[in-house]
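Residue-level structure breakdown
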Amino acid sequence: MLKKLRNKMLWFNMALTSIIVLGAFTFIYILNATQIENEIQSLISQEANTLAAVPLDEEEVRQSLTEPEYPMMLTITNSTNELRHIALVDVNQVEGEIQSTDESDLYEALADAATKQGEVPNEVKVNGRYWRYTLFLVTSSSYYSISNDYIEEYSTSINNYEPFYEVLFFDVTDYTTSLSNLRTTLLIIGVLALVSIYIASFYVAKRALRPVELAWRKQKEFISNASHELKTPLAIIQVNAEVLAGSPEETLESQMKWLENIQLGSERMDELVNSLLLLTKFESAEQEVVRSVIDASQVVQSVYQSMEAIALEKGIHYQEQITKQVYLESNEQVLRQLTMILVDNALKYTPAGETVTVALVKHQRITVLQVSNSGCPIPEEKISYVFDRFYRGDPSHNHQDGGYGLGLAIAKAITETLQAQIRLTVDQDGVNHFEVSFH
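The present account deals with the structure reproduced in this document. Here the structure is a predicted model, which is why all the values come from computation and not from measurement. (Residues numbered from 1 in each chain as written. Predicted model: local features only at pLDDT ≥ 70, side-chain atom pairs only at ≥ 80, totals over all residues. Heavy atoms only, no water.)

1. Digging into the pairing of strand S7 (residues 164–171)
Within S7, eight of the eight residues are buried, which leaves it mostly tucked inside the rest of the structure. Both faces of S7 are covered, namely the face carrying Phe 164, Glu 166, Leu 168 and Phe 170 and the face carrying Tyr 165, Val 167, Phe 169 and Asp 171. (Buried < 20%, exposed > 50% of the residue type's maximum accessible area, 1.4 Å probe, protein only. Helix = DSSP H or I, 4+ residues; strand = E, 2+ residues; numbered from the N terminus.)

Below you can see the structure in the form of structure tokens.
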């Protein structure tokens, strides 16, 4: 299931990113193509202004190229006007083609290609170069707007200022090559970007699912452990109930042993269920704790005193180092519950003759609740697991100490609810120190 979820996240991210990249690259290409086209049209318009003539429309261009009425002037230029050649050709209608006299093969090829071209604006390819051409009709009314130099240079070829056609061939090879290079560059960058995004998305999706995978694994472990823990008291109740059912003639007094076992199993199951409910309550994101300024010293002192009888019964040296009048913004009931769990856990696992210490100190703005116990140092490799649910460090899961391994997990959930921090350290003397820091 997690693998399918990861793949869905991966392909969704890839699809979304691909659309964004494609959109961005398309915008860049269209923007550049539009700018180039505008520049070409601007340069052609400048030439039209020089001639004081208006370009012919599509039908007029076709008619003029196939059945020309006037002499035709071919003008070849580029964007910087560095390549500028002008030649006058005589036009004869021979099977719909323009014939050129006394001009180079280039002009003939351009004229022939332009004649056969059927779209406007026209673009032709000759000798590996791309040309955009526009046809103008220059009439006598336009001569006065043309510069004197222009007229003087070509008046010898244009008798009595008769009308003539001018075909402006504009070299757009550099623009076409630029757009082609841009397409290639965007394609290469797009492919590399998609490959990089795929690798990054795979890593991100895998990393993003780690908490989900961990939560899923913990949920499975929780169900397994809870089932295991519930199975024991249920088995006790079932077996003893079967014994009672098999001896209906016995008196209640003679069957008291089995009834006590049933009661014990019920109590243990009730304890486990209550612990699970308490853990769920504090682990719930919706759990809210009402806080107020409380005397933490009194709360910790009352818990310490309530556990003295248990310490005395087990032969444990029980002591306190509680600073008086330590005030804390917290919840009294929750703090009491947290302290009770830590002290109960320490007394439960401390052998007779060892020491349990309950301390409450304040360092500047940080208040520290510390419960320490000696005689049963926790191995370093197990420290990171002590706050896990159902962890007791005993793979046999026996109940000699009466615990289910939920106490410290509940304590951790409580500290997170109180926005505090809990940690375990073991010093060189083998003393375990459970510390809760309130900021």
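What follows continues from the structure just given.
2. Topic: the packing of helix H8 (residues 296–306) against helix H10 (residues 332–349)
Following both chains from N to C, one finds H8 and H10 inclined at 40 degrees, their axes separated by 9 Å at the closest point. It follows from the interaxial angle that H8 and H10 lie oblique. The hand of the H8/H10 crossing is right-handed. Here Ala 296, Val 299, Val 300, Ser 302, Val 303 and Ser 306 of H8 come into contact with H10, specifically with Glu 332, Leu 335, Arg 336, Thr 339, Met 340 and Val 343. Across the contact of H8 with H10, the residue classes break down as seven nonpolar, three polar and two charged. (Axes fitted to C-alpha atoms, helices over the stretch in contact; angles between N-to-C directions. Parallel < 35°, antiparallel > 145°, perpendicular 65-115°, else oblique. Left-handed = near helix turned anticlockwise from the far one by under 90°. Contact = heavy atoms within 4.5 Å. Nonpolar A, V, L, I, M, F, W, Y, C, P; charged D, E, K, R; others polar.)

3. Here's the deal with the nonpolar core
Judged by nonpolar contacts, the single largest core of 49 residues is most densely connected at Tyr 318, Leu 342, Val 343, Leu 347, Ile 414, Val 436 and Phe 438. In terms of residues, this core owes the most to one element, H10, which gives eight residues. Ignoring any residue separated from it by four or fewer positions in sequence, one finds Val 343 in contact with Val 303, Met 307, Tyr 318, Val 358 and Val 371. The next biggest cluster of nonpolar side chains, apart from the first, holds 11 residues, and it includes Val 61, Ile 76, Tyr 165 and Val 167. (Core = buried A, V, L, I, M, F, W, Y, C linked by side-chain atoms within 4.5 Å.)

4. Side note on helix H5 (residues 173–208)
Taking 1.5 Å per residue as the helical rise, H5 with its 36 residues ought to reach 52 Å, and the 50 Å between its terminal C-alpha atoms agrees with that figure. Within H5, the full set of buried residues consists of Thr 173, Tyr 175, Leu 179, Leu 182, Leu 186, Gly 190, Ile 197, Ser 201 and Ala 205. (Expected span 1.5 Å × (residues − 1).)

5. A few points about the packing of aromatic side chains
Under the definition given, this model contains two aromatic pairs. Geometrically, the ring pair formed by Tyr 304 and Tyr 318 is stacked, given 4.3 Å between the ring centres and 15 degrees between the ring planes. Of this pair, Tyr 304 sits in helix H8 while Tyr 318 sits in strand S9 (residues 317–322), and the two are 14 residues apart along the sequence. Centroid distance Phe 387 to Phe 434: 6.3 Å. Interplanar angle 85 degrees. Geometry classified as edge-to-face. Here Phe 387 is found in the loop between strand S12 (366–373) and helix H11 (407–417), whereas its partner Phe 434 is found in strand S14 (residues 432–438), with 47 residues between them in sequence. Here Phe 387 and Phe 434 have matching classes, each one buried. (Phe/Tyr/Trp six-rings, centres within 6.5 Å; stacked < 30°, edge-to-face > 60°.)

6. Describing the packing of H10 against H11
The angle between the axes and the distance between the axes are what describe a pair of packed helices. At a minimum axis distance of 9 Å, the contact between H10 and H11 shows a crossing angle of 150 degrees. Relative to H11, H10 is oriented roughly antiparallel. Both H10 and H11 take part in a crossing whose hand is left-handed. The segment H10 lies against H11, with Val 334, Gln 337, Leu 338, Ile 341, Leu 342 and Asn 345 engaging Gly 407, Leu 408, Ile 410, Ala 411, Ile 414 and Thr 415. Along the lines of polarity and charge, the residues of the contact of H10 with H11 split into eight nonpolar, four polar and no charged.

7. Quick look at the sheet that holds strand S11 (residues 355–363)
Across the sheet, five strands lie side by side as S9-S11-S12-S14-S13; this open sheet has mixed pairing. Each of the sheet's edge strands pairs with one partner strand only, and the pair in question is S9 and strand S13 (421–426). The mean angle between the axes of side-by-side strands here comes to 15 degrees, regardless of whether they run parallel or antiparallel. Both S9 and S11 contribute to a ladder of six bridges, which runs parallel. If you follow His 317 over to S11, its bridge partner there is Thr 355. Packing against the sheet, H8 makes contact with S9, S11 and S12, and its axis sits at approximately 175 degrees to S9. (Pairing = 2+ DSSP bridges.)

8. A word on the environment of Leu 328
Its place among the elements puts Leu 328 in strand S10 (residues 327–330). Considering only alpha carbons, one finds Leu 328 and Thr 367, 39 residues apart in sequence, at a separation of 7.7 Å. Here Leu 328 is in contact with Ser 292, Val 293, Ile 294, Ala 296, Thr 367 and Phe 438, once residues within four sequence places are set aside.

9. Here we look at the pattern of salt bridges
With the rule as written, the count across this model stands at three salt bridges. Arg 336 is the partner of Glu 332 in a salt bridge, and the nearest nitrogen-oxygen pair spans 3.0 Å. Linking Glu 332 with Arg 336, this pair stays in helix H10, spanning four residues, or about one helical turn. We classify Glu 332 as partly exposed; its relative accessible area is 40%. (Salt bridge = Lys/Arg side-chain N within 4 Å of Asp/Glu carboxyl O.)

10. A word on a nonpolar patch on the surface
On the surface, a nonpolar cluster with roughly 690 Å² of combined accessible area is contributed by Trp 11, Leu 187, Val 191, Val 195, Tyr 198, Ile 199 and Phe 202. Tallying contributions element by element places H5 first for the nonpolar patch, with six residues. A residue is classified by how much of its surface remains accessible, and Leu 187, at 59% relative accessible area, is exposed. (Patch = residues over 30% accessible without salt bridge, like charges linked within 9 Å, V, L, I, M, F, W, Y side chains within 5 Å. Areas by Shrake-Rupley, 256 points an atom, 1.4 Å probe, with all protein chains shown as cover.)

11. Topic: the environment of Ala 205
As for its placement among the helices and strands, Ala 205 is situated in helix H5. In sequence terms Ala 205 and Lys 8 are 197 residues apart; their C-alpha atoms lie 9.3 Å from each other. Those residues in contact with Ala 205 that sit more than four places away from it in its chain are Arg 6 and Met 9.

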